[in-house]
Amino acid sequence: MKPPAPYENAVTFQFGDSPELANELLALVLAGTKTATCGALHHFNDKEPVPEAGRRDVVLDGQGRPACVIETTSVLIQRFDQVDEAFALAEGEGPYDVWREAHIAYFERNGGYAPEMMLVCERFRVIEVFE
């Protein structure tokens, strides 16, 4: 399913690595709890380029349907072991220790984890929610 105008050419993505996690994280975004996200720098590519401040992306639900539009407000590329508590809390998934363990497990499932791995740390705001 394509995003509605004017977002038909926007980058589209799902949070997480399963339909269940995509829906869980999307719910946090829609509730206003999750205002940040991160990914391994080496996972970004032409289909999902590194975000830039001001860019608007379409977030898909766990079934691949357009759910909302987010606008990137800031991007910081840094090592995993440099992510601070404020950023982890902005991800909305719990306290720092919970964030750290969940992200280590996620990265181990998706190509490997290392404390010095480079992350793209993005802060965003919701622009539009689709019906």
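Just so we're clear, the structure is a prediction, and the values are computed from it rather than from any experiment. (Residues numbered from 1 in each chain as written. Predicted model: local features only at pLDDT ≥ 70, side-chain atom pairs only at ≥ 80, totals over all residues. Heavy atoms only, no water.)

Some remarks on helix 1 (residues 19-30)
Okay, step 1: Between its first and last C-alpha atoms helix 1 spans 16 Å; for 12 residues at 1.5 Å apiece the expected length is 16 Å, and the two agree.
Okay, step 2: Residues A22, L25, L26 and V29 constitute the buried set of helix 1. Taken down its axis, helix 1 places every buried residue within 105 degrees of arc, on the same side. (Helix = DSSP H or I, 4+ residues; strand = E, 2+ residues; numbered from the N terminus. Expected span 1.5 Å × (residues − 1). Buried < 20%, exposed > 50% of the residue type's maximum accessible area, 1.4 Å probe, protein only. Arc of directions from axis to C-beta.)

Observations concerning the pattern of salt bridges
Any two side chains of opposite charge can pair if their charged atoms end up close together.
Okay, step 1: What the rule picks out here adds up to 9 salt bridges.
Okay, step 2: Residue R125 is joined to E71 by a salt bridge in which the shortest nitrogen-to-oxygen separation is 2.7 Å. Here R125, found in strand 5 (residues 118-129), pairs with E71, found in strand 4 (residues 66-79); they are 54 residues apart in sequence, far enough to count as distant.
Okay, step 3: In this structure, the salt-bridge partner of D81 is R79, at a minimum N-O distance of 2.6 Å.
Okay, step 4: The network of salt bridges with common partners includes K34, E91 and E93. (Salt bridge = Lys/Arg side-chain N within 4 Å of Asp/Glu carboxyl O.)

A word on the packing of aromatic side chains
Okay, step 1: Taken as a whole, this structure holds 8 aromatic pairs when the rule is applied.
Okay, step 2: Judged by centre distance (5.0 Å) and plane angle (80 degrees), the rings of F80 and Y113 are edge-to-face. Taken as a pair, F80 in the loop between strand 4 and helix 2 (85-90) and Y113 in the loop between helix 3 (96-109) and strand 5 lie far apart in primary sequence, 33 residues in all.
Okay, step 3: For Y113, a relative accessible area of 22% translates into the label partly exposed.
Okay, step 4: One aromatic cluster is present, formed by F80, Y96, W99, Y106, F107 and Y113 through successive ring pairs. (Phe/Tyr/Trp six-rings, centres within 6.5 Å; stacked < 30°, edge-to-face > 60°.)

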